[in-house]
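Analysis of the macromolecular model
So the chains spell out like this:
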Amino acid sequence: MTDDASRYRPRPTKLGHLVLKVRDIQRSLAFYTDIVGLEVSDWIGDHMVFLRCGVDHHDLALLQLPPGHGAAPEGFYPSVEHFSYRVESLDEMEKITAMLVARGVAIDRGLGRHGPGANTFIVFKDPDGNNVEFYSDMTQIRPDAPYEPSVWDGEQLETFDRWHLEKFVVPPPARILPLLKRDGGEA
């Protein structure tokens, strides 16, 4: 990477979306639709749901915790999987990715393009180990652009990354390896 890449400064335009890990996705879904007033955009299987309050495909996603995560002890709360910042373009995403690599920032996953929402993504760690995401090009849902929610298959690589890891700068997350093995790819 060039020295210019390490000096690049991202230009986020807004705090984007939040992904929460939840113990009971149906209970949380009812809360966020009935109490908060959000709309469902899409699902991945029955374990992740994308919700919106505006035109972005999602501003909140709920991710079902695996079995064994019972009621929370007093003072303990489910965790955030990641929070995100929107940037303007794929070109900026590529510059940000080069900057992260040049500066030695720990990258968790990306550069890729998700199935649900069609947004590009790069997820990296802050100094405390929190996942931070930059994204661009998210599907916009407006009254003049109808959108029908669908259920994406979590066992398909295209759901995770429409580019099939071609632009990834780090190995894929462990949860993706079975998809690669099943499809005859390298793991």
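In short, a report on the structure. Keep in mind that this is a model prediction, so the values were computed, not measured. (Residues numbered from 1 in each chain as written. Predicted model: local features only at pLDDT ≥ 70, side-chain atom pairs only at ≥ 80, totals over all residues. Heavy atoms only, no water.)

1. Quick word on the packing of aromatic side chains
For clarity, the cut-off: The pairing test for Phe, Tyr and Trp rings, Trp by its six-membered ring, is centres within 6.5 Å, and the orientation test on the planes gives stacked under 30 degrees, edge-to-face over 60, and tilted for anything in between. Secondary structure counts use DSSP, requiring at least four H or I residues in a row for a helix and at least two E residues in a row for a strand, with both numbered from the N terminus. Burial here depends on accessible area, computed with a 1.4 Å probe over protein chains only, as a share of the maximum for the residue type. Under 20% is buried, over 50% is exposed, and the range in between is partly exposed. Think of it as a cone above the ring: NZ of Lys or CZ of Arg counts as a charge over the ring if it is within 6 Å of the ring centre and within 35 degrees of the ring normal.
Under the counting rule described, the total for this entry stands at 7 aromatic pairs. Ring geometry for Tyr85 versus Phe134: centroids 6.5 Å apart, planes at 50°, classification tilted. Here Phe134 lies in strand 8 (residues 131-136) and Tyr85 lies in strand 5 (residues 80-86), a separation of 49 residues in the sequence. For Tyr85, a relative accessible area of 28% gives the class partly exposed. A connected cluster of aromatic rings, assembled from ring pairs, spans Phe83, Tyr85, Phe124 and Phe134. The ring centre of Trp163 lies 5.1 Å from the NZ or CZ of Lys167, which sits over that ring.

2. Some thoughts on a nonpolar patch on the surface
To be explicit about the condition: Here, patches come from residues exposed beyond 30% relative accessible area and free of salt bridges, joined within 9 Å for like charges and within 5 Å for nonpolar side chains (Val, Leu, Ile, Met, Phe, Trp, Tyr). Only the protein chains shown count as cover for residues, and all accessible areas are computed by the Shrake-Rupley method using a 1.4 Å probe. Salt bridge, as applied in this entry: a Lys or Arg side-chain nitrogen positioned within 4 Å of an Asp or Glu carboxyl oxygen.
Residues Phe31, Ile35 and Val36 make up a contiguous nonpolar surface patch of about 300 Å² in total accessible area. Within the fold, Phe31 resides in helix 2 (residues 25-35). Owing to a relative accessible area of 41%, Phe31 belongs among the partly exposed residues under this scheme.

3. A look at helix 2
Heads up, the rule is: This arc describes the spread of directions from the helix axis toward the C-beta atoms. Contacts were defined at the residue level, with two residues in contact if any of their heavy atoms lie within 4.5 Å. What qualifies as a polar contact is a pair of N or O atoms within 3.5 Å, subject to a donor-acceptor requirement within protein and to the restriction that residues adjacent in sequence count only when both atoms come from side chains.
Of all the positions in helix 2, only Ile25, Ser28 and Leu29 are classed as buried. For helix 2, the buried positions fall inside an angular range of 105° around the axis, keeping them on one side. Seen from the buried face of helix 2, the exposed residues on the opposite side, beyond 90 degrees, are Arg27, Asp34 and Ile35. Residues of helix 2 that are buried sit in contact with strand 1 (14-22), strand 2 (39-44), strand 3 (48-52) and strand 4 (60-64). Of the residues that open helix 2, the one with a side-chain oxygen 3.2 Å from the backbone nitrogen of Gln26 is Asp24. Directly beyond the C-terminal end of helix 2, a positive phi value near 90° is found at Gly37.

4. Here's the deal with the sheet that holds strand 5
As a reminder of what qualifies: The criterion for strand pairing is that DSSP finds at least two bridges linking the strands in question. Every axis corresponds to a line fitted to the C-alpha atoms, with the helix fit spanning only the stretch in contact, and the corresponding angles, defined between N-to-C directions, vary from 0 to 180 degrees.
Strand order across the open sheet formed by 9 strands is 6-7-8-5-1-4-3-2-9, with mixed pairing between neighbours. For this open sheet the edge positions go to strand 6 (107-113) and strand 9 (150-152), each flanked by a neighbour on one side alone. With strand direction ignored, the average angle separating the axes of adjacent strands in the sheet is 20°. Relative to strand 8, strand 5 is paired through 4 bridges, and the arrangement is parallel. Among the inter-strand pairings, Arg86 is bridged to a residue of strand 8, identified as Tyr135. Seen against the sheet, helix 3 (residues 90-103) touches strand 6, strand 7 (120-125) and strand 8 and runs at an angle of roughly 20° to strand 7.

5. Looking at the side chain of Asp59
How we decide: A positive count includes Lys and Arg, and a negative count includes Asp and Glu. His and the chain ends are not counted in either.
By the secondary structure assignment, Asp59 is in the loop between strand 3 and strand 4. One buried charged residue, Asp59, remains without a salt bridge, the closest side chain of opposite sign being Lys14 at 6.1 Å. In this structure the side chain of Asp59 is engaged in a polar contact, spanning 2.8 Å, whose partner is the backbone nitrogen of Cys53. Setting aside chain neighbours within four positions, we find Asp59 in contact with Gly16, His17, Leu18, Leu51, Arg52, Cys53 and Gly54.

6. Section: the nonpolar core
To be explicit about the condition: Put simply, buried Ala, Val, Leu, Ile, Met, Phe, Trp, Tyr and Cys residues joined by side-chain atoms within 4.5 Å make one nonpolar core.
Ranked by size, the top nonpolar core spans 23 residues in total, and within it Ile96, Leu100, Ile122, Phe134 and Phe160 carry the most contacts. Of all the elements in the fold, those that place two or more residues in this core are helix 3, strand 6, strand 7, strand 8, helix 4 (157-160) and helix 5 (177-182). With sequence-adjacent residues up to four places away left out, Ile122 is seen in contact with Met93, Ile96, Thr97, Leu100, Ile107, Arg109, Gly110, Leu111, Val132, Glu133, Phe134 and Val169. Leu29, Trp43, Leu51 and Leu62 belong to the second largest nonpolar core, which has 10 residues in total.

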